[in-house]
Amino acid sequence: MQVGTRGSRLAMVQTKNIITSLKDITDEEIDIKIIKTTGDKIKDSQLYNIDVKGVFTKELDKAVLEEEVDFAVHSLKDLPSELTDNLEIIAVPTRESPYDVLISPYKWDEMPEGAALGTSSLRREAFCRYHHKNVDIQPIRGNIDTRIKKVENGEYQATLMAEAGIKRLGLTRHIQERFPLDYIIPAAGQGALAVVSRDDNNKKQILQALNHKNSYQEVMAEKKVLEELGVGCQWPLGVCARSNGDKLELHAILLTKEGELLSQHKMKGSISQAEDIGLEVARRMMEDC
């Protein structure tokens, strides 16, 4: 089998983790094919200014559809809300932390006024404004290591990042603080991986063995909110589902770019009704807007 992935250090670590898991399931050799995406090529723009659906996934999708690779491994939050025809999320392995974290020499409540905070996420920028943080928000690009170094060398006083990637790269020593899920609500799918393949792939049964049921249901609820609202990274939407046994709770919040609250809803229910919960929350949010 052949797997397609982006070439970043994080993408490679994630893909190798999937391959390690597959070795417990199948004796097939699995080769990695690195594919450069549009998002990898654009270095000088904030992500929400790039008007391309699937900015980090489109080229990988093409390789899967044309059977250059058997499947692709994505950070789930990079996926567009609707996949290209004939593609399917075959599996969502056990989810890593969905939390956002602070990388800074300062505690969040001790951040100096006007401190340079680097982020290219409109959601994180809006949450800073929502919580009335008097910081100078500036764009920052680069991989995880690069962004951490930019804070360490004083180019920025702080940045906000997903804890999952930092944990996967073994860089947790750089984390100053982890934000509660109801303080900075993550992006849909944050912390989860998606194994994507053609829906007619004869390796589906092998790949499906990677699926973690509760993680899958959580992200399907979150993606349903995204899909129904029709917003991507151009809108500050935080949405997070957490499962506990056979129960699921979904929390979603939509802000303006200036950090004003447009809508916020929480809903609990059976994990088997995950997508229905996402649909109902999205409908309530649309009524608010």
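Note that the structure is a prediction, hence the values are computed from the model and not measured.

Asker: I keep staring at the pattern of salt bridges and nothing clicks. Help me out?
Answerer: In this structure the tally under the stated criterion is 18 salt bridges. Its salt-bridge partner being Lys33, residue Glu68 comes within 3.3 Å of it at the nearest N-O pair. Residue Glu68 is located in the loop between helix H3 (58-65) and strand E3 (71-75), and its partner Lys33 is located in strand E2 (residues 31-34); the two are separated by 35 residues in the primary sequence. Overall, the relative accessible area of 35% leaves Glu68 in the partly exposed class.

Asker: Mind showing me how you'd approach the nonpolar core here?
Answerer: Soluble globular proteins tend to bury their nonpolar side chains together. Core analysis: the largest hydrophobic core is formed by 20 residues, its most contacted members being Leu102, Trp108, Met111, Leu117 and Leu160. Those elements giving two or more residues to this core turn out to be helix H4 (122-130), strand E8 (158-162) and strand E12 (247-255). Here this core gets three residues from one element, more than from any other, and that element is H4. Residues in contact with Met111, not counting those within four places in the same chain, are Leu102, Ser104, Tyr106, Lys133, Val135 and Ala158. By size, the runner-up hydrophobic cluster in this structure holds 18 residues, among which are Leu226, Leu248, Leu250 and Leu254.

Asker: Got a minute to help me understand the confidence of the model for the chain in this structure?
Answerer: Should pLDDT be low for a region, the predicted coordinates there are not to be read in detail. Mean pLDDT over the chain: 91, with 92% of residues reaching 70 or higher. Contacts for the low-pLDDT stretch residues 44-52, under 50 throughout, to residues beyond four places or in other chains number 23 contacts.

Reading the values: the criteria
- Residues numbered from 1 in each chain as written.
- Predicted model: local features only at pLDDT ≥ 70, side-chain atom pairs only at ≥ 80, totals over all residues.
- Heavy atoms only, no water.
- Salt bridge = Lys/Arg side-chain N within 4 Å of Asp/Glu carboxyl O.
- Helix = DSSP H or I, 4+ residues; strand = E, 2+ residues; numbered from the N terminus.
- Buried < 20%, exposed > 50% of the residue type's maximum accessible area, 1.4 Å probe, protein only.
- Core = buried A, V, L, I, M, F, W, Y, C linked by side-chain atoms within 4.5 Å.
- Contact = heavy atoms within 4.5 Å.
- pLDDT = per-residue confidence, 0-100.

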